[in-house]
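# Structural features, examined
Listed below, chain by chain, are the residues.
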Amino acid sequence: MTISRGYGAADAVTKVAAGVADFSVTDLGTIIGTIAESDAPVKAIMPIVSQNPASIAVLDDSPIQTLADLQGRTIGTSVGNAAFSFLPLGLEMEGASMDAVNVETADGSALNGLLLQGRIDALASYVTSVVGIQALAENAGKKVRAVYYGDALDIYNASIFTSDKMIAENPDLVKRFKAAVECTYDAAQDDPEAAIDAIVAHVDGTLRESQARMVPNSLSFAFDNGVFEANGYDFDMARVAHNIEVVDKVTPLSKMLSAEDVVYQVAD
């Protein structure tokens, strides 16, 4: 198997749709949006992260305890930041408004520094990424924490997907690939240390110290929840339909989709 570097969520969908890659992983919301807007010939085949990790990161001593507390304050984000895209809906669900929040857009590499320097009050981040921000904060003698709201959205996040062509022409490979990915994540849960070793060995520039913090946290977030306990590595199609509705609220779709338009249910 050849693993190629990706350049973001949209690039992953484009490459699979064009047949440059056979399988990839991205947020289910991205898959939904791309199918609706450009008829991308792809479908998700399994969820990896069954809860959305959307959150905001704040300094530990910040008065911000809920999303509603953001009103009148400044949040930092970068262009295309997936963690920011659901924030207006999260605020609406708490009876607050994005209109009352100041937004500072900066390069992604600068956001952590802006938060630690107190130049912004919060930054849009995945809850699983806050562990990494905390490592940086400790070097500055500070602490950060997450204000998590992704569970209230009740939608999927990272999902494995492939092309309609692959599904039509080689469904057995799709089935075997899904089984192999399941095996990989089961093994990672059984032996996180081995998973960390594998990441450090195969991803240039990865530090073991940072992965030792992030991998156990990410595995727990992905698999220690009621959705995974109920469905394992299979999609709940009613929940996929809800996911489509949520995406449409955040970024109105030019056409509505069914769960079957988005997900291919791999036969056991």
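Report follows, based on the coordinates. Every residue gets a number counted from 1 within its own chain, in the order that chain's sequence is written. Side-chain atom pairs in this predicted model are given and counted only at pLDDT of 80 or more, local residue features only at pLDDT of at least 70, and totals for whole chains, interfaces and linings cover all residues. Excluding hydrogens and water, the side-chain figures rest on all heavy atoms present in the structure.

Time to look at the overall build of the protein chain. In terms of regular secondary structure, the protein chain is built from 14 helices and eight strands. In this setup the radius of gyration rests on C-alpha atoms only. A globule is expected at 2.2 Å times the number of residues raised to 0.38. A globule of 268 residues ought to have a C-alpha radius of gyration of about 18 Å, and the protein chain, at 19 Å, matches this closely. The principal-axis extent of the C-alpha atoms belonging to the protein chain is close to 55 × 45 × 35 Å. Put simply, the protein chain has 268 residues, and 44% of those count as buried. We call two residues contacting when some pair of their heavy atoms lies within 4.5 Å. If you take every contact in the protein chain between residues at least 6 apart in sequence, the share linking residues at least 24 apart comes to 76%. Note on areas: Shrake-Rupley, 1.4 Å probe, and residue coverage restricted to the protein chains presented here. Accessible surface for the protein chain amounts to roughly 13200 Å². Of this, 51% is attributable to carbon and sulfur atoms. Neither His nor the chain termini are counted; the positive set is Lys and Arg, and the negative set is Asp and Glu. Note on charges: their place is set at NZ of Lys, CZ of Arg, CG of Asp or CD of Glu. Side chains of the protein chain carry 17 positive and 37 negative charges; the gap between the two charge centres is 4 Å. To qualify as a helix, a DSSP run of H or I must reach at least 4 residues; to qualify as a strand, a run of E must reach at least 2; elements of each kind are numbered from the N terminus. Relative accessible area decides the class of each residue, using a 1.4 Å probe on protein chains only: under 20% of the type maximum gives buried, over 50% gives exposed, and in between gives partly exposed.

Attention now moves to the pairing of strand 8 (residues 158-163). Burial analysis of strand 8 places six of its six residues in the buried class, which makes it a mostly covered element. In this sheet, strand 8 lies alongside strand 1 (residues 23-27) in antiparallel orientation, the contact comprising five bridges. Its bridge partner lying in strand 8, Val25 is registered against Ile160. Only strands that DSSP links by at least two bridges are regarded as paired with each other. For strand 2 (residues 42-47) and strand 8, the ladder comprises five bridges, and the chain directions are antiparallel. For Lys43, the partnering residue across the bridge sits in strand 8 and is Thr162.

On to the sheet that holds strand 8. Taken in spatial order, the three strands make up an open sheet running 1-8-2, and their pairing is antiparallel. Each edge of the sheet is formed by a strand with only one pairing partner; in this case those strands are strand 1 and strand 2. Geometrically, the sheet is characterised by an average inter-axis angle of 40° between neighbouring strands, direction not taken into account. Here helix 1 (residues 9-17) sits on the sheet in contact with strand 1, strand 2 and strand 8, set at roughly 150° to strand 1. Only the stretch in contact is used when a helix axis is fitted, and all axes are lines through C-alpha atoms; the angle between N-to-C directions ranges over 0 to 180 degrees. Those strands touched by helix 2 (residues 28-38) are strand 1, strand 2 and strand 8, and its axis lies near 100° from that of strand 1.

Bear in mind that shape data such as this cannot, by itself, settle questions of function.
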